[in-house]
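Topology and contacts: notes
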Amino acid sequence: MKPLEILINTKPLFFTPDNKLIVSKANKVYLRECDGSLSFLFSFFETRLNRFLSFFSLLFRMKRLGVMTGISIEDDYFFTYGKKIHRYNSKSEELIEEYSFNKGRGPLQFCSIEKIKGFDKSVCFGEYFGNHSRTPVKIYQRTDSGEWKSPFQFKHGEINHVHALIPDIYNQCVWILVGDFEHSAAIYKATNNFEKVELIIQGEQCYRACVAFPTKDGLLYATDTQLEPNSVRMLVEKNGKWVSKKLFDINGSCIYGCELDDYYIFSTSTEPCSKPTNKIYALLDNQPGPGIIKNKSDIVSYSKTQRTFDILMSKEKDIYPFRIFQFGTIMFPAGKNTKNLLFAYNVGSKTNDLSTEIYKI
């Protein structure tokens, strides 16, 4: 499948409520109109050194420069940049720094909660950092006054970090996807503004996930492990017990996904083994872990109507080490796209690295 268009050095971040796309180029943020034209919104402050490094793709990847992730709720746009959360109001055109991270660089993704019984309309995220010792991990929720408060905290020893929060209109809950190893690979269910958080399933790598979509049939999700083969699965409740059923085998760990009008989209990543023999080898390692079948990233679609899977395309990983220059992966903008137009951002690929390919599905 060939792309309709390639947006060089452009990262798609999220869709606005009126289905326009917010994109970034290094520290600059734009609104992409329906005709493809870009309207400049603002720039994040960046040092001269980092602005210079942004011209070199490998240094850009090594320094983890640019906007990490973002989301919109009504007129407010939220971004993580430079270990901080920034809010941009599209009406007042005001950019405000709201929160600084003490651990890690920010969440893997934001969550926008709307129309879930017992939950305030809000933006939330779970803490995401290495945390091999399993220190307490918090979930944060933004209040109407603009404060980021923690309504729930995982206890010491429970999990490594939070991958995603998934609002579910069918079960009127928020699923909490956590990782990574042993009992920390798990899925929790939250209700009533996180006052009640119950463990649903845990203890196996097939319960470790970053991407999930609530459906009438159950929770459709893909596994995220470099240790063993991965798959797309369905979490369903049967006779009061939750069961995870395998639907489709995939090439590698799934960290990113998105929803189109008629499809759910997953991408696979290439990443190294979790237990390197020494620090030097860890930095220079460019061999995928045992759970990665081929050193490439696939885009996998699931048809909502036909309930079938298809591998749309693949991107081969470049030769550069995973930990220094990032995993090989394909990212997508947050929010529901009301069309079947897919914006796929490549990282660590041999072709169109750090650029977005647009496909008509």
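Residues numbered from 1 in each chain as written. Predicted model: local features only at pLDDT ≥ 70, side-chain atom pairs only at ≥ 80, totals over all residues. Heavy atoms only, no water.

**Overview of the overall build of the protein chain**
Across its full length, the protein chain carries 4 helices and 28 strands. For the protein chain, the C-alpha radius of gyration of 19 Å lies close to 21 Å, the compact-globule estimate for 361 residues. Each of the three principal axes of the protein chain carries a C-alpha extent, and together these read 55 × 45 × 45 Å. Across the 361 residues of the protein chain, 54% fall into the buried class. Here the protein chain contributes 47 positively and 40 negatively charged side chains, and the mean placements of these two sets differ by 3 Å. (Helix = DSSP H or I, 4+ residues; strand = E, 2+ residues; numbered from the N terminus. Rg over C-alpha atoms; globule rule 2.2 N^0.38 Å. Buried < 20%, exposed > 50% of the residue type's maximum accessible area, 1.4 Å probe, protein only. Lys, Arg positive; Asp, Glu negative; His and termini not counted. Charge placed at Lys NZ, Arg CZ, Asp CG, Glu CD.)

**Focus on the sheet that holds strand E8 (residues 84–89)**
Spatially, the 4 strands line up as an open sheet ordered E6-E7-E8-E9, and their pairing is antiparallel. Each end of this open sheet is capped by a strand with a single partner; those strands are strand E6 (69–73) and strand E9 (94–100). Averaged over all adjacent pairs, the angle separating strand axes in this sheet is 20°, with direction ignored. Bridge count for strand E7 (residues 76–81) against E8 is 6 bridges, and the pairing is antiparallel. Among the inter-strand pairings, Phe78 is bridged to a residue of E8, identified as Arg87. (Pairing = 2+ DSSP bridges. Axes fitted to C-alpha atoms, helices over the stretch in contact; angles between N-to-C directions.)

**Some points on the pattern of salt bridges**
Within the structure shown, the criterion is met by 24 salt bridges. A salt bridge links Lys149 to Glu147; the nearest nitrogen and oxygen atoms lie 3.9 Å apart. Under the relative-accessibility criterion, Glu147 is labelled partly exposed at 42%. Taken together, the salt bridges that share partners define one network made up of Arg61, Lys317, Asp318 and Asp353. (Salt bridge = Lys/Arg side-chain N within 4 Å of Asp/Glu carboxyl O.)

**As for empty space enclosed by the protein**
Taken as a whole and judged by the stated rule, the model has 3 cavities of 30 Å³ or more. Roughly 40 Å³ of internal volume is contained in the largest cavity. What lines the largest cavity is a set of 13 residues, and nearest its centre among them are Ser297, Lys315, Thr329, Val347 and Ser349. Among the secondary structure elements, those contributing two or more residues to the lining of the largest cavity are strand E24 (296–303), strand E25 (309–316), strand E26 (329–331) and strand E27 (341–347). A per-class count over the lining of the largest cavity returns 2 nonpolar, 7 polar and 4 charged. (1 Å grid on protein atoms, 1.4 Å probe; cavity = no way out; pocket = protein on both sides within 12 Å on 5 of 7 lines; lining within 4 Å. Points joined across faces, edges and corners; volume = space filled by probe spheres on them. Nonpolar A, V, L, I, M, F, W, Y, C, P; charged D, E, K, R; others polar.)

**Thoughts on the nonpolar core**
Core analysis: the largest hydrophobic core is formed by 36 residues, its most contacted members being Leu220, Val232, Ile265, Phe266, Ile299, Phe332 and Leu342. In this view, Leu220 contacts Val211, Ala212, Phe213, Thr215, Val232, Arg233, Met234, Leu247, Tyr264, Phe266 and Tyr302; residues no more than four positions away in its chain are not counted. The next biggest cluster of nonpolar side chains, apart from the first, holds 20 residues, and it includes Ile116, Phe119, Ile139 and Leu165. (Core = buried A, V, L, I, M, F, W, Y, C linked by side-chain atoms within 4.5 Å. Contact = heavy atoms within 4.5 Å.)

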